[in-house]
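Each chain, letter by letter, is given below.
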Amino acid sequence: MTGDGTRAVRAGLPEPEACEAALPGPVFAAHYHLPGEAAGPYTYGRDTNPTWTRLEAAIGELESPDDPAHTVAFASGMAAISAVLFSHLRTGDAVVLPADGYQLLPAVRTRLESYGIEVRTAPTAGDAQLGVLDGARLLWIETPANPGLDVCDIRRLADAAHARGALVAVDNTLATPLGQRPLDLGADFSVASGTKALTGHGDVLLGYVSTRDAAQADAVRLWRKTVGAIPGPMESWLAHRSLATLALRVRQQAAGALALATALSERPEVTGLRHPGLPADPAHALAVRQMLPGRFGCVVSFALPDRAHAERFLTALTLVDNATSFGGVRSTAERRARWGGDAVPEGFIRFSVGVEDPEDLVADVVAALDAALG
Ligand SMILES: Cc1ncc(COP(=O)(O)O)c(C=O)c1O
């Protein structure tokens, strides 16, 4: 079996043809005007599209190399998350969501509850999910969690959930399929925002759901068709094109994140430093067990003493944009409390490491920390 960097270069591509592009261009037609009866898979553009088919095959191969997963691409990560939840939960069901996951989950919770679905929450770390699993239909976990970077044991939670008849979905946004393979660890769904590290250039919104179960994939696909949360052909094509460099980006970002976290660990004004690749991190041992070697993601989280200190730091950075989102080739950082959705201190910084040379990035951060001391 080839390495996943090698696989990513060719994943989902058709056999090469002389004088044809390696990745055929995006198919934009909304529907197909075929003479006679519609035949074959491509009839109407909300159902399926050849550009998605290739991308979905590629992601399915990366999420599950030994047994390619059924994959359904979406217009965004939120569309993918909603598709799993709303296609599988019914009135009277119970679901467990992370208490410290992506900041839109509380809005999802309100919507689920309005449909008569019981929502329980549990923090990512410490196996707290086990205490609220009984009778649940679905366990949703996000690991590493955004922005706090706690990690949970996918295998252990999946075994416990399955023993109680519950399905398990993992938000794999931060790790990407080259950093973590939730389906191999027992999850039923691997779900992600492709907007982040998967596509990596900060120019595409995309999401996907991967599962090995054809019926579960069909339910998710029907949800996509019903709400029409379909990915644009151009976005799908750009995403597929970006996969060839995923391994390079993931490795470089992880190396930069580790270098940055190591430098930050030496600063007295930095508290609450988290990065799963850092040996001193509370999640490191578990991350080593379940993530792919050296691929602990691009995010480093930490706190500066207060809001003003954090703002001085962000202003003093020269190689890092003060911007939200993460996973792009350019480093970005933001004071997360400005959005109000996460339970984080005012000086909390979520730092997304790009593909710059780690030594340049570390020098820039150290200079900005010095400047922020005033
Ligand atoms: C962990 C995680 N999951 C899902 C999402 C939602 O993705 P999208 O913005 O593509 O809808 C985000 C967005 O930041 C995220 O960080």
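Here, the structure is the one placed above.
Residues numbered from 1 in each chain as written. Predicted model: local features only at pLDDT ≥ 70, side-chain atom pairs only at ≥ 80, totals over all residues. Heavy atoms only, no water.

Here's the deal with the pattern of salt bridges
Defined as follows: Just to be clear on terms, a salt bridge is a Lys or Arg side-chain nitrogen sitting within 4 Å of an Asp or Glu carboxyl oxygen. Residue exposure (1.4 Å probe, protein chains only): buried if accessible area is under 20% of the type maximum, exposed if over 50%, otherwise partly exposed. By definition, any uninterrupted DSSP run of H or I lasting at least four residues is a helix, any uninterrupted run of E lasting at least two residues is a strand, and each is numbered from the N terminus.
Going through the model one piece at a time under the given rule, you end up with 25 salt bridges. Close ionic contact of Arg 181 with Asp 184 constitutes a salt bridge, the shortest N to O distance being 3.3 Å. On the basis of relative accessible area, Arg 181 is assigned to the buried category, the value being 18%. On the accessibility criterion, Asp 184 (29% relative accessible area) is partly exposed. The shortest N-O distance in the salt bridge between Asp 370 and Arg 267 comes to 2.8 Å. Of this pair, Asp 370 sits in helix α11 (residues 358-372) while Arg 267 sits in the loop between α8 (246-264) and β8 (271-274), and the two are 103 residues apart along the sequence.

Re the sheet that holds strand β5 (residues 167-171)
Which entries qualify depends on this criterion: Note on pairing: two strands pair once DSSP finds at least 2 bridges between them. Helix axes use the C-alpha atoms of the stretch in contact, all axes being lines fitted to C-alpha atoms, and the angles between their N-to-C directions lie in the range 0 to 180 degrees. Any pair of residues with heavy atoms lying within 4.5 Å of one another is described as a contacting pair.
An order of β1-β7-β6-β5-β4-β2-β3 is seen for the seven strands of this open sheet, with the pairing classed as mixed. The two strands at the open ends of the sheet, each matched to only one other strand, are β1 (70-74) and β3 (118-122). The average angle at which neighbouring strand axes cross in this sheet is 20 degrees, direction not considered. Sheet topology note: the β5/strand β6 (residues 189-193) ladder contains three bridges and is parallel. Paired with Val 170 across the bridge in β6 is Ser 190. Across the sheet, helix α2 (residues 50-63) is in contact with β1, β6 and β7 (207-211); its angle to β1 comes to roughly 125 degrees. Where helix α6 (residues 214-227) meets the sheet, its contacts fall on β1, β5, β6 and β7, and the angle it forms with β1 comes to roughly 15 degrees.

Here we look at the sheet that holds strand β10 (residues 321-322)
With mixed pairing, the five strands of this open sheet are ordered in space as β8-β9-β12-β11-β10. The strands lining the two open edges of the sheet, one partner per strand, are β8 and β10. Where β10 meets strand β11 (residues 332-335), two bridges bridge the pair, whose relative direction is parallel. Within β11, the position partnered with Asn 322 by the bridge is Ala 333. The strands touched by helix α10 (residues 307-316) within the sheet are β9 (299-303), β10, β11 and β12 (348-352), with β11 carrying the most contacts at an inclination of about 160 degrees.

Considering the pairing of β5
So the rule is basically this: Crossovers are marked right-handed if the path from the first strand over the helix to the second runs clockwise, as seen with the strands pointing away from the viewer.
Taking burial as the measure, the five residues of β5 include five buried ones, the bulk of the element. Burial along β5 is two-sided: Leu 167, Ala 169 and Asp 171 and Val 168 and Val 170, pointing in opposite directions, are all buried. Across five bridges, the pairing between strand β4 (residues 138-142) and β5 is parallel. Bridge pairing in β5 links Leu 138 to Leu 167. The β-α-β motif built from β4, the intervening helix α5 (residues 154-163) and the parallel element β5 has right-handed crossover chirality.

Side note on unusual backbone geometry
Cis peptide bonds are those with omega within 30 degrees of zero, and the linkage from Thr 143 to Pro 144 qualifies with -10 degrees. Its place among the elements puts Pro 144 in the loop between β4 and α5. Even without a glycine there, the phi angle at Asp 127 is positive, about 60 degrees. Relative to the helices and strands, Asp 127 resides in the loop between β3 and β4.

Things to note about the nonpolar core
Side chains that are nonpolar tend, in soluble globular proteins, to be buried together. Test applied: We define the nonpolar core as a collection of buried residues of types Ala, Val, Leu, Ile, Met, Phe, Trp, Tyr and Cys that are connected through side-chain atoms lying within 4.5 Å of one another.
The biggest cluster of nonpolar side chains holds 27 residues, and the ones touching the most others in it are Phe 74, Val 84, Leu 85, Val 95, Leu 112, Leu 138 and Trp 140. Counting residues per element, the ones that place at least two in this core are β1, α3 (77-88), β2 (94-98), α4 (105-114), β4, β5 and β6. Filtering out sequence-adjacent residues up to four positions away, Leu 85 remains in contact with Val 95, Leu 97, Val 108, Leu 112, Leu 138 and Trp 140. The next biggest cluster of nonpolar side chains, apart from the first, holds 24 residues, and it includes Ala 261, Leu 273, Phe 313 and Leu 314.

Structural notes on α3
The test is simple: The span you would expect from a helix comes to 1.5 Å times its residue count less one.
Counted at 1.5 Å a residue, the expected span for α3 with its twelve residues is 16 Å, and the 17 Å between its end C-alpha atoms agrees. Along α3, twelve of the twelve residues are buried, which leaves the element largely enclosed by surrounding structure.

Concerning the site of the ligand
The test is simple: When at least one non-hydrogen atom of a residue lies within 4 Å of a molecule or strand, that residue is treated as near it. As used in this structure description, the phrase polar contact means that two N or O atoms lie within 3.5 Å; if the pair is within protein, one of them must be able to donate a hydrogen and the other to accept it, and residues adjacent in sequence are counted only when both atoms belong to side chains. Accessibility throughout is a Shrake-Rupley quantity obtained with a 1.4 Å probe, and a residue counts as covered only by protein chains that appear here. Lys, Arg, Asp and Glu make up the charged group, whereas Ala, Val, Leu, Ile, Met, Phe, Trp, Tyr, Cys and Pro make up the nonpolar group; the residues left over, Gly among them, are polar.
Lining the immediate surroundings of the ligand are 14 residues, of which Gly 77, Asn 146, Asp 171, Ser 193 and Thr 195 lie closest. Between the ligand and Gly 77 there is a distance of 2.8 Å, counted from an oxygen atom to a backbone nitrogen or oxygen. A distance of 2.6 Å separates an oxygen atom of the ligand from a polar side-chain atom of Thr 195. Protein chains bury 92% of the 380 Å² of accessible surface belonging to the ligand in isolation. Looking at which element gives the most residues to the shell around the ligand, the answer is α3, with three residues. Of the residues belonging to the shell around the ligand, the class tally is five nonpolar, six polar and three charged.

Let's talk about the side chain of Thr 124
With respect to the helices and strands, the residue Thr 124 is situated in the loop between β3 and β4. Here the side chain of Thr 124 touches Asp 100 through a polar contact of 2.6 Å, side chain to side chain. If we ignore the near neighbours within four places in the chain, the residues touching Thr 124 are Pro 98, Asp 100, Gln 129, Glu 142, Ala 145, Asp 150, Val 151 and Cys 152.

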